[in-house]
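Chain by chain, the residues:
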Amino acid sequence: MEQPILQVEHLTKFFSVGPHAEVHAVDDVNFTLRRGRTFGLVGESGCGKSSCARTIIRIYEPSQGKIIFNGQDIAHLGEKSLTPYRRRMQMIFQDPYSSLNPAYTVGWSLEEPLRIYGKYDAAERRRRVAEIAEKVGLPAECLTRRPNELSGGQRQRVSIGVALIQKPRLIIADEPVSALDVTIQRQILELMRTVRDELGISFLFISHDLNVVYQLCDRVMVMKDGRIVEENTVQELFDHPQHAYTRELLSAAD
């Protein structure tokens, strides 16, 4: 059996909404993601999926629980101690335009992580940028363009390239195809599948669309009100849903 890359144990994230009130956006979440696998997290808007993702990657500070990444609990590490792990755990957002700097070219955006974290000279950075652009299907001429000059699908390819260029072991993809039309969705999903299979990267794939999850994921967990109400292989969950909420989601997808 593949070794786990990520183990989440009793993860909780609450936000204060007043002097004596809290909202539990993530409530006692537990799961294990194994190397080279794709784990889906589904649920309707507002159920806590994105909060869960941002807590795992430590954009949000967890309130309770463990986040064991590659054997190390990173849930409560300080910012300096987190740095080596941030390179190996990357995130792709729903809106690639907002996550790319509009003032700089695509080539600059792809090279920026190497300037920050890598010990590479300019020639090696350019070589790696060209290599990753080819890997994600970006024509060379795109490297000199700015994000607003690209299509939505091309911008999402750039975002995937920015994540990949640091050679991560885990990518958390938060609704990465929901803003794209069906044809472009299919291309991006195929790209993610290829990247997973060729590079052995694990994915936590977050979506409200069960049909998209079915195409890409090995296992899936269903979230409602911040809690995981069901987890199974994709095939078993689609064929034999156990929880009433899962059956509602499947009925809506049909």
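For the structure, see preceding data.
If you're wondering where the values come from, they're calculated on a predicted model, not measured in any experiment.

**Notes on the sheet that holds strand 6 (residues 89–92)**
With mixed pairing, six strands are arranged side by side in an open sheet as 6-7-8-3-9-10. Every interior strand has two partners, whereas the edge strands, strand 6 and strand 10 (227–233), have only one. Between one strand and the next, the sheet's axes are offset by a mean angle of 20°, whatever the strand orientation. By the bridge criterion, six bridges tie strand 9 (residues 219–224) to strand 10 in an arrangement that is antiparallel. Residue pairing for strand 10: M221 is matched across the bridge by E231. Packing against the sheet, helix 2 (residues 79–88) makes contact with strand 6 and strand 7 (170–174), and its axis sits at approximately 55° to strand 6.

**Here we look at the packing of aromatic side chains**
Counted by the stated rule, this structure contains five aromatic pairs. Ring centres of F69 and Y85 lie 6.3 Å apart, and the angle between their planes is 75°; this geometry places the pair in the edge-to-face category. With F69 in strand 4 (residues 64–69) and Y85 in helix 2, this pair connects stretches of sequence that are 16 residues apart. Residue placement shows K13 over the ring face of F15; its charged tip is 5.0 Å from the ring centre.

**As for the sheet that holds strand 5 (residues 72–73)**
Pairing is antiparallel across the open sheet formed by four strands, whose spatial order is 2-1-4-5. Across the chains shown, the open sheet's two edge strands, defined by having one partner strand only, are strand 2 (21–34) and strand 5. Bridge count between strand 1 (residues 4–18) and strand 2: ten bridges; the pairing is antiparallel. Note that in strand 2 the partner of F14 across the bridge is H24. Lying over the sheet, helix 1 (residues 49–56) contacts strand 1, strand 2 and strand 4, oriented at roughly 115° with respect to strand 1.

**Section: the packing of helix 6 (residues 152–164) against helix 7 (residues 182–199)**
In contact at an axis separation of 10 Å, helix 6 and helix 7 are set at 15° when each is read in the N-to-C sense. When the axis of helix 6 is compared with that of helix 7, the two are roughly parallel. As helix 6 packs across helix 7, the resulting crossing turns out to be right-handed. Between helix 6 and helix 7, the residues in contact are G153, Q156, R157, I160 and L164 and I184, Q187, I188, L191, M192, V195 and L199, respectively. For the contact of helix 6 with helix 7, the class distribution of residues is eight nonpolar, three polar and one charged.

**Observations regarding the pattern of salt bridges**
All told, the structure shown has 14 salt bridges when counted by the stated rule. Across the salt bridge formed by R86 and E79, the nearest N and O atoms sit 3.2 Å from each other. On the accessibility criterion, R86 (23% relative accessible area) is partly exposed. Between R115 and E111 there is a salt bridge, and its shortest N-O distance comes to 3.4 Å. Here R115 pairs with E111, and both are found in helix 4 (residues 106–117), just four residues apart, close to one helical turn. Residue class for E111 comes out buried when judged on its relative accessible area of 13%. Residues participating in the shared-partner salt-bridge network are E111, E112, R115 and R125.

**A closer look at the side chain of Q90**
Along the polypeptide, Q90 turns up in strand 6. Here the side chain of Q90 touches R86 through a polar contact of 2.7 Å, landing on its backbone oxygen. Other than its neighbours up to four places away in sequence, Q90 contacts I57, A163, Q166, P168, L170, I171 and I172.

**Details of the environment of A53**
Mapping A53 onto the fold places it in helix 1. Through-space distance from the C-alpha of A53 to that of V26 is 9.7 Å; in sequence the pair is 27 residues apart.

Criteria and thresholds
Residues numbered from 1 in each chain as written. Predicted model: local features only at pLDDT ≥ 70, side-chain atom pairs only at ≥ 80, totals over all residues. Heavy atoms only, no water. Pairing = 2+ DSSP bridges. Helix = DSSP H or I, 4+ residues; strand = E, 2+ residues; numbered from the N terminus. Axes fitted to C-alpha atoms, helices over the stretch in contact; angles between N-to-C directions. Contact = heavy atoms within 4.5 Å. Phe/Tyr/Trp six-rings, centres within 6.5 Å; stacked < 30°, edge-to-face > 60°. Lys NZ or Arg CZ within 6 Å of the ring centre and 35° of its normal. Parallel < 35°, antiparallel > 145°, perpendicular 65-115°, else oblique. Left-handed = near helix turned anticlockwise from the far one by under 90°. Nonpolar A, V, L, I, M, F, W, Y, C, P; charged D, E, K, R; others polar. Salt bridge = Lys/Arg side-chain N within 4 Å of Asp/Glu carboxyl O. Buried < 20%, exposed > 50% of the residue type's maximum accessible area, 1.4 Å probe, protein only. Polar contact = N/O pair within 3.5 Å; in protein donor to acceptor, adjacent residues only side chain to side chain.

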